[in-house]
Amino acid sequence: MNAEYPAASPGTTVTPDEERPDLSNSNVREDLAMAGRCALVHLPTGRTCLLPIRHQGPCEFHRPQEAQDVVANGN
């Protein structure tokens, strides 16, 4: 559980918008977010975090081509 993303109570239905409220932010890549990745974009460099959603610790930013490869391969 994370303060930004509280866990859903058992027996409740969570819609995608409730699951990833950060999708409306311009610094989150929607295609990667929908693939279960953190998807936070470091705006000055264009690098994207490819770690799983709600990962522990700091983001690990990767080149845009690496992010595109993840989307293309569905990993």
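Residues numbered from 1 in each chain as written. Predicted model: local features only at pLDDT ≥ 70, side-chain atom pairs only at ≥ 80, totals over all residues. Heavy atoms only, no water.

## As for the overall build of the protein
Okay, so step 1: Assigned secondary structure in the protein consists of 3 helices and 3 strands.
Okay, so step 2: Overall, the protein shows an N-to-C arrangement of helices and strands of α-α-β-β-β-α.
Okay, so step 3: A burial count over the protein gives 25% of its 75 residues as buried.
Okay, so step 4: Considering only contacts within the protein whose residues lie at least 6 apart along the sequence, 15% involve residues at least 24 apart.
Okay, so step 5: Surface summary for the protein: the accessible area is close to 5200 Å², and the carbon and sulfur share equals 51%. (Helix = DSSP H or I, 4+ residues; strand = E, 2+ residues; numbered from the N terminus. Buried < 20%, exposed > 50% of the residue type's maximum accessible area, 1.4 Å probe, protein only. Contact = heavy atoms within 4.5 Å. Areas by Shrake-Rupley, 256 points an atom, 1.4 Å probe, with all protein chains shown as cover.)

## Structural notes on the sheet that holds strand S3 (residues 61–62)
Okay, so step 1: With respect to topology, 3 strands assemble into an open sheet ordered S1-S2-S3, the strand pairing being antiparallel. Each end of this open sheet is capped by a strand with a single partner; those strands are strand S1 (41–42) and S3.
Okay, so step 2: Relative to S3, strand S2 (residues 47–49) runs antiparallel, the two sharing 2 bridges. Across the sheet, threonine 48 pairs through a bridge with histidine 62, a residue of S3. (Pairing = 2+ DSSP bridges.)

## Quick notes on the confidence of the model for the protein
Okay, so step 1: Here the protein averages 79 in pLDDT, while 75% of its residues score no lower than 70.
Okay, so step 2: Note on residues 1–17: pLDDT is under 50 here. Beyond four places in sequence and across chains, it has 9 contacts. (pLDDT = per-residue confidence, 0-100.)

## Overview of unusual backbone geometry
Okay, so step 1: Even without glycine at this site, alanine 39 takes up a positive phi of about 70 degrees.
Okay, so step 2: Mapping alanine 39 onto the fold places it in the loop between helix H2 (30–34) and S1.
Okay, so step 3: Within the chain, arginine 54 stands out as a residue other than glycine whose phi angle is a positive 60 degrees.
Okay, so step 4: Take arginine 54: it is sitting in the loop between S2 and S3.

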